[in-house]
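Each chain, letter by letter, is given below.
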Amino acid sequence: MIELKSLYKTYSPGLFKKKVPAVRGLSLEINHGDVIGLVGPNGAGKSTTIRMLLGLIRPDRGSISFRGVPLKDADIQYDIGYLPENPYLYDHLTLEELLAFSGRASGLSSAETKKRGGELMEKLAMTEARKRPLRTFSKGMLQRAGICFALLHDPSVVILDEPMSGLDPVGRKMVFDLVTDLKGQGKTIFFCSHILNDVERLCDRIGLMVGGRLLRVLKREDFAAHGEASLHLVVNRLGEQELSGLHPLLSDIAEESGRHVLSFPAKSLTAVSEQLHALNVEVLASRSDRLSLEEMFMQAVEENR
Amino acid sequence: MKKVMALSRITFLEGIRNRSVFGIALFSLFILGLNIAVAGFFMRDVGKVTVDMNLSALSVAGLLLVFFVGVNLMAKDIDRKTIHLVLSKPISRMEYIWGKYLGILFFIATSLAVLLVLSCLTVLLLNGMYAGYFGAFSWPMFFTAAFFVFVKIAVLGAIVVFFSTITSNSFITLIFSICAFIIGTTIEEVVFYLRSGFAEQEIAISESLRKFIEAVSYLVPNLAAFDFKTEAAHGLAVGWGRIGFSLGYGAVYVILLLILASVIFSRREFN
């Protein structure tokens, strides 16, 4: 559906300043109904990728196509709903006026705009605030107003740049449910986030991006398998004898800050527990599988420093 | 056109609800009040002074509106990246430029119309108080001059939009626009002086400087072409030819500037 081919983009910060490569050789294919998340540290090139996809900036090299048509010839805006990170909306407009503009700009009739706007505001608990100037909104409310603006014309592709940023737990849950709902409707969702937990729960595929490069694309099967199979226990640094006693039961032993992290299949929990007890090894902490994704992420960042 | 109007509507609303508008309106009211208070000091010239002060109040209010609110309406979109959200909708860059410009135009027209009503009340009041000194006063000429204050501000609005497309900072847009206004107001006199022959007798001007000023006079709008204050103050008749020329000049300048702005804007990248 969307194909990004060998994209390169370098920013020129100004005269006599060194050029900054933002995206380097990014290739990615997004199929219809995919929910794909891009994760990476600040400056990894995630937002630049989104801006290239929206036509706000042009790649130096490479091509983008939408449904097989080059981006500049495809009226992609009719099919796309976009939420930027920290959306700056018009201070003196009300949410109703903003949505009326969104509807008109997207070619919707007034009746359709009212109906869709009403539904979205209801879903995101914004109905009460619909007549208030946007400058009186909190950060979370602005984020939700931005989501209403992006989704008003019922786009088939939804691009969300840090959709959970600045939201309180209730707001996060609301947005999470909305994205799940969109996923259920078969929408193609492309989003960037720092919150790995959300990315992991929502995405079918996760792209790890560091220094402008797309390092790895993990499929749901990869991290789901990882999650079901492994448990991780943190223990003090073990001696040779203890390690050899535990080794047959473990799938991985990692060293971290003077401690050992023991990974093993969930079904081996009883055996590992008994062995640890027998060896008199104290368990300092357990780790969820989520941390594994975090570790993968951190590992990728470290490798590319 | 529907999209252009949708964008102009939100630009208009954003402008008219800006709190600076109240400040500018209060300032204009102060000038009009001052006019009433001091009118008696001018004896026979009270009619001329009234017209001059009223048109000046409109002009200053228009300038403040376009430079402080107008610049914000256009350049802040880029500054604060609101434009990312707007351009994610099916709005072309050209539609964006025209929508923004029309919004600024509606906003200035509405604000000036309100001030013009107050200005008319001031003139009516002073005309009643000093009827004997308003002999040469003509309402049609007063309205013509007031309309051309609007035309001048409309041209400056286009300049603001144009500079917003080439800079990414609202302050730089403001500085460039004010420079264009200062040059545009004085360029006619400078060129007239250089061509008059007095210049050669008084100071030495190099040929290159002369050519540069000539070139600038074609690039920057001649805002003096929209100044009908003297005619309105003295009740002098103005031919349709001059009115048509000034109006046509303003319209052509605005259209050319917006076409150029659209071309530049369509090539621009928004990081």
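For the structure, see preceding data.
About the thresholds
Along each chain, residues carry numbers from 1 onward, in the same order as the chain's sequence is written. The order in which chains are written sets their letters, starting at A; the order in which ligands are written sets their numbers, starting at 1. The predicted nature of this model means local features are confined to residues of pLDDT at least 70 and side-chain atom pairs, given and counted, to a pLDDT of 80 or more, with totals for whole chains, interfaces and linings taken over all residues. No hydrogens and no water enter the side-chain calculation; it runs on all heavy atoms of the structure. Counting from the N terminus, the helices are the DSSP runs of H or I reaching at least four residues and the strands are the DSSP runs of E reaching at least two. Categorising residues by exposure relies on relative accessible area from a 1.4 Å probe, with only protein chains included: less than 20% of the type maximum marks a residue as buried, more than 50% marks it as exposed, and the intermediate range marks it as partly exposed. In what follows, a contact means two residues having at least one pair of non-hydrogen atoms within 4.5 Å. Using the Shrake-Rupley algorithm and a 1.4 Å probe, accessible areas are obtained, with residue cover drawn only from the displayed protein chains. In summary, the charge assignment counts Lys and Arg as positive and Asp and Glu as negative, without counting His or the chain termini. Charge coordinates come from a single atom per side chain, which is NZ of Lys, CZ of Arg, CG of Asp or CD of Glu. A 1.4 Å probe defines the accessible area here, and the buried area is the portion of it lost by two parts on being joined, summed over both. Each salt bridge in this description consists of a side-chain nitrogen of Lys or Arg and a carboxyl oxygen of Asp or Glu lying within 4 Å of one another. Side-chain atoms alone can form a polar contact between residues adjacent in sequence; in general such a contact is a pair of N or O atoms within 3.5 Å, and within protein one must be able to donate a hydrogen while the other accepts it. Polar here means any residue other than Ala, Val, Leu, Ile, Met, Phe, Trp, Tyr, Cys and Pro, which are nonpolar, and Asp, Glu, Lys and Arg, which are charged; Gly is therefore polar. Take the residue count of a helix, subtract one, and multiply by 1.5 Å to get its expected span. Pairing between two strands is assigned when DSSP locates at least 2 bridges connecting them. Axis definition: a line fitted to C-alpha atoms, over the contacting stretch in the case of helices. Angles run 0 to 180 degrees between N-to-C directions.

A look at the overall build of chain A
- When its secondary structure is counted, chain A shows 10 helices and 14 strands.
- Expressed as a percentage of the 305 residues in chain A, the buried residues total 49%.
- Nonlocal contacts in chain A, meaning residues at least 24 apart in sequence, comprise 69% of its contacts between residues at least 6 apart.
- Split by element, the accessible area of chain A, about 14500 Å² in all, is 50% carbon and sulfur.
- Side-chain charges in chain A split into 39 positive and 39 negative, and the spacing between the mean points of these groups amounts to 7 Å.

Regarding the interface of chain B and chain A
- At the junction of the two partners, chain B supplies 31 residues and chain A supplies 31 residues.
- Roughly 3100 Å² is buried in total at the junction of chain B and chain A, and carbon and sulfur atoms are behind 55% of that figure.
- Together, Arg80, Leu85 and Lys89 of chain B form the three largest contributors to the area buried by chain B at its contact with chain A, with a combined 22%.
- Notably, a salt bridge pairs Glu97 of chain A with Arg17 of chain B, separated by 2.7 Å at the nearest N-O pair.
- The tally of links from chain B across to chain A stands at 17 residue pairs in polar contact (both at pLDDT 80 or more).
- Elements supplying a minimum of two residues to the side of chain B that touches chain A: helix H1 (2-16), helix H4 (82-87), helix H5 (93-129) and helix H11 (240-267) of chain B.
- No other element matches the eight residues that H1 of chain B contributes to the side of chain B that touches chain A.
- Considered class by class, the residues forming the side of chain B that touches chain A number 10 nonpolar, six polar and 15 charged.

Some words on helix H5 (residues 169-184) of chain A
All names here are of chain A.
- Taking 1.5 Å of rise per residue, the 16 residues of H5 would be expected to cover 22 Å, and the 22 Å separating its terminal C-alpha atoms lies within 8% of that figure.
- For H5, the complete set of buried residues consists of Gly171, Met174, Val175, Phe176, Leu178, Val179 and Leu182.
- For H5, the secondary structure elements touched by its buried residues are helix H3 (110-123), helix H4 (139-151), strand E7 (157-161), strand E8 (188-192) and helix H6 (196-202).

Concerning the sheet that holds strand E10 (residues 213-219) of chain A
Residues and elements named next belong to chain A.
- Taken in spatial order, the six strands of this open sheet run E6-E7-E8-E3-E9-E10, and their pairing is mixed. Edge strands, defined here as strands with exactly one partner in the open sheet, are strand E6 (80-83) and E10. Strand-to-strand twist of the sheet, defined as the mean angle between neighbouring strand axes without regard to direction, takes the value 15 degrees.
- Here strand E3 (residues 35-39) pairs with strand E9 (residues 205-210) via four bridges, running parallel. Paired with Gly37 across the bridge in E9 is Ile206.
- In the packing of helix H1 (residues 46-54) onto the sheet, contacts are made with E3, E6, E7, E8 and E9, and the angle to E7 comes to roughly 145 degrees.
- In the packing of H5 onto the sheet, the strands contacted are E3, E7 and E8, and the crossing angle to E8 comes to about 145 degrees.

Focus on the pattern of salt bridges
- Counting across every chain of the model gives 18 salt bridges over all chains.
- A salt bridge links Asp91 of chain A to Arg80 of chain B, with the shortest nitrogen-to-oxygen separation between them at 3.3 Å. You can see Asp91 of chain A sitting in the loop between E6 and helix H2 (95-105) and its partner Arg80 of chain B sitting in the loop between helix H3 (46-79) and H4, one on each of two chains.
- The salt bridge involving Glu231 of chain B is made with Arg242 of chain B; its shortest N-O contact spans 2.7 Å. Here Glu231 of chain B, found in helix H10 (residues 229-234), pairs with Arg242 of chain B, found in helix H11; they are 11 residues apart in sequence, far enough to count as distant.
- The exposure class of Glu231 of chain B is buried, given its relative accessible area of 15%.
- Judged by relative accessible area, which is 32%, Arg242 of chain B ranks as partly exposed.
- Taken together, the shared-partner salt bridges connect Lys9, Arg58 and Asp60 of chain A together with Glu269 of chain B into one network.

Some details on the sheet that holds strand E5 (residues 69-70) of chain A
Residues and elements named next belong to chain A.
- With antiparallel pairing, the four strands of this open sheet are ordered in space as E2-E1-E4-E5. Each edge of the sheet is formed by a strand with only one pairing partner; in this case those strands are strand E2 (20-30) and E5.
- Relative to strand E4 (residues 61-66), strand E1 (residues 2-11) runs antiparallel, the two sharing five bridges. Opposite Ile2, over in E4, you have Phe66 as the bridge partner.
- Sheet contacts for H1: E1, E2 and E4; angle to E1, the most-contacted strand, approximately 115 degrees.

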